[in-house]
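In case you want the letters, here they are:
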Amino acid sequence: MKKGQIYTGTVAYVDFPNKAAAYVESEDPQDNGQKVIVKNSIPGQRVSFMVNKKKGSHCEGRLLDVLERADTEIINPCAHFTECGGCVYQTMDYGAQLAMKEEQIKKLLSSVIDGDFGFEGIIGSPVYEAYRNKMEFSFGDEKKDGELALGLHKRNSMYDIVTVSGCKIVDEDYTRILDCVYEYFKERNIPYYHKMKHEGYLRHLLVRKAVKTGQILIDLITTTQLDFDLQELSQKLQSLKLDGEIKGFLHTYNDSFADAVINEKTELVFGRDYIEEEILKLRFKITTFSFFQTNSLGAEVLYSKARDYVGATKDKVLFDLYSGTGTIAQILAPVAKKVIGVEIIEEAVVAARENARLNGLTNCEFIADDVLHALDTIEERPDFIVLDPPRDGIHPKALDKIIDYGVEQMVYISCKPTSLVRDLVTLQENGYRVTKSCCVDMFPNTVHVETVVLLSKLKSTNRISVDLELSELDLTKAESKATYAEIKKYVLDKFGLKVSQLYIAQVKREFGLIERINYNVGEGKNHVPQVTQEKKEAIIDALKYFQMI
């Protein structure tokens, strides 16, 4: 089997995330039956692909065409399915999607847990279409020097944009707003921001709509290269016939070179700068850039399951680590003595405190700090710990401090199960075992899935010993997106700048990609060098290129 060659094969199964195993059909006995990982395909499909990576017996291929559909493909996709490619499993029967994800998580947990782990299967999202409460659209063109486009990136492209009018993962209000903004600027021939030339005006359109309240927030992100009056567009938006209600229209300025939404300055065009959403009878204020689960109804399912796993909390002190805007903490607060949330992003902590006040909760405390450092300063000791870390999981030193509390039980919520199973190895080595587990499909039609586990401390001195090879975690480059070395090379090749691993870690941390200090920050030193703005923008560009943000 050679790189650059085109082959045909049938997909047998898909491992998390999106690692479809296709077995080659070939007249050459050496190639026939060989396994190739072909992303963006599903079990049962007969596909053609080009081998683009080969290392030893491991091969990866780029999907070229679906020759025969799978039996589970019974859903008609949206008009942009083949171009956009964001919803890989959109054609699959939803029940088949759930069964596939359930098997993926069960397989991952089984790889590190010896014996029963109380697996309760998967819980589906209450809705599997029009479920998102936030979309970030990009301005650009569908082909080089083509007409203006407003939508999402084409599959395998960081430059070409597909105008996704009629996207199925959002409701019709998003389409009406997108069409209004798109036609307005197209008629006036307003230029989009060209990423290579660094010229132009229009960059992104961010829309948030609360499912329960119907409140809508719109933010237009542009450069400062034009002095453009948005009042006429504002009037057009306010005159739209929508199912929801626009509560605010904002204008954010972003002159950075990076292809990311960076808030350098925001002005209010009309209305207010936030909307409100309801989760499990609690009300939450959501601003343009604050983190909030993008599937509101799915979040209720996820948090209800987490609350069930936490159980009785009367007269108990709970730690909600990596608490974000404090949603979990506030859901648990009414039945706890006290809840202490720790979150590194200060804006999220400000929002958490405000939301707790709005909900009349007086037993919540939110600390703006890295979990690794905060655990050394908190005087109270927890009776129960809830963990909801970002994708990279928990810093090893922070995990040691969490284990040292010796709480009888913990709940771990993970948006990346491969990080979870890595941390489970350490937890099991230190006397914890998984007594209950399940997964929740927060993002139907995509490769992502949330996992929830209840950990209980063993009563005896016995310990579980798990021998684990790194390959079993399946932490391949395709999933981790890009190594530090690859990011360094990209920045050097494109911008002629040399960046350190420390600088890359600092930028990744700002985007929530890592919730830990870099090992080379120079603990004990009086001064830690900080990334310059120029290098920061170059690193952000690399993270966008490797689809990490």
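Going by the structure above, here's the rest.
To keep things clear, this report deals only with the structure shown in the data block. Please read all numbers here as calculations on a predicted model, not as lab measurements.

Here we come to the side chain of Thr-327. Within the fold, Thr-327 resides in helix α6 (residues 327-332). Sequence-distant contacts of Thr-327, that is, excluding residues within four places in its chain, are made with Phe-284, Phe-292 and Tyr-303.

Here we take up the nonpolar core. Membership of the largest hydrophobic core comes to 78 residues, with the highest contact counts inside it found for Phe-139, Phe-185 and Leu-205. It is helix α3 (residues 172-187) that provides the largest number of residues to this core, a total of eight residues. Sequence-distant contacts of Leu-205, defined by excluding residues within four places in its chain, comprise Met-135, Glu-136, Phe-137, Phe-139, Leu-150, Ile-177, Leu-178, Val-181, Ile-218, Asp-219 and Leu-220. Of all hydrophobic cores here, the second largest spans 44 residues; its members include Leu-108, Leu-109, Ile-340 and Leu-387.

With mixed pairing, eight strands are arranged side by side in an open sheet as β6-β21-β22-β20-β19-β16-β17-β18. Each of the sheet's edge strands pairs with one partner strand only, and the pair in question is β6 (119-123) and β18 (364-368). Direction aside, the axes of adjacent strands within the sheet are offset by 15 degrees on average. Relative to β18, strand β17 (residues 338-343) runs parallel, the two being bridged by five bridges. Bridge pairing in β18 links Ile-340 to Glu-365.

In this section: the sheet that holds strand β7 (residues 134-141). Taking strand neighbours across the sheet as the criterion, the seven strands line up as β9-β8-β7-β10-β11-β12-β13 in an open arrangement whose pairing is mixed. In this open sheet, the two strands that pair with only one neighbour each are β9 (161-162) and β13 (265-271). Bridge count for β7 against strand β10 (residues 202-209) is five bridges, and the pairing is antiparallel. Residue pairing for β10: Phe-137 is matched across the bridge by Leu-205. On the sheet, α3 packs against β7, β8 (148-153), β10 and β11 (215-222) and is oriented at approximately 155 degrees with respect to β10.

For the coordinates displayed, the defined rule picks out 14 aromatic pairs. A centroid spacing of 6.0 Å and a plane angle of 55 degrees characterise the contact between Phe-284 and Phe-292, whose relative ring orientation is tilted. Residue Phe-284 is classed as buried on the basis of its relative accessible area of 1%. Following the ring pairs from residue to residue traces out a cluster consisting of Phe-139, Tyr-184, Phe-185, Tyr-201 and Phe-228. Note that Arg-203 overlies the ring of Tyr-193, its terminal NZ or CZ placed 4.0 Å from the centroid. Its end group placed over the ring of Tyr-274, Lys-285 keeps NZ or CZ at 4.3 Å from the ring centre.

Applying the stated criterion across every chain yields a total of zero disulfides. For the unlinked cysteine Cys-84, the closest cysteine sulfur is that of Cys-87, found at 6.5 Å. Of the cysteine sulfurs around Cys-87, a residue in no disulfide, the closest is that of Cys-167, at 5.9 Å.

Conventions and cut-offs
- Within each chain, residue numbers correspond to sequence positions counted from 1 in written order.
- In keeping with the predicted nature of the model, local features appear solely for residues at pLDDT of at least 70, side-chain atom pairs appear and are counted solely at 80 or more, and the whole-chain, interface and lining totals rest on all residues.
- Based on all heavy atoms of the structure, the side-chain values leave hydrogens and waters out of the count.
- Think of it this way: any DSSP run of H or I at least four residues long counts as a helix, any run of E at least two long counts as a strand, and we number them from the N terminus.
- The contact criterion used is simple: two residues touch if any of their non-hydrogen atoms lie within 4.5 Å.
- In plain words, nonpolar cores are sets of buried Ala, Val, Leu, Ile, Met, Phe, Trp, Tyr and Cys residues tied together by side-chain atoms within 4.5 Å.
- Any residue under 20% of the maximum accessible area for its type is buried, any over 50% is exposed, and the rest in between are partly exposed; the area is computed with a 1.4 Å probe on protein chains only.
- DSSP bridges decide pairing: two strands pair if at least two such bridges lie between them.
- Every axis in this analysis is a line fitted to C-alpha atoms, fitted for helices over the stretch in contact. Angles between the N-to-C directions lie between 0 and 180 degrees.
- Aromatic rings from Phe, Tyr and Trp, taking only the six-membered ring of Trp, are treated as a pair when their centres fall within 6.5 Å; an angle between ring planes under 30 degrees marks them as stacked, one over 60 as edge-to-face, and anything in between as tilted.
- The criterion is that NZ of a Lys, or CZ of an Arg, lies within 6 Å of the ring centre and within 35 degrees of the ring normal, and then a charge sits over that ring.
- Cysteine sulfur atoms that come within 2.5 Å of each other are treated as a disulfide pair.

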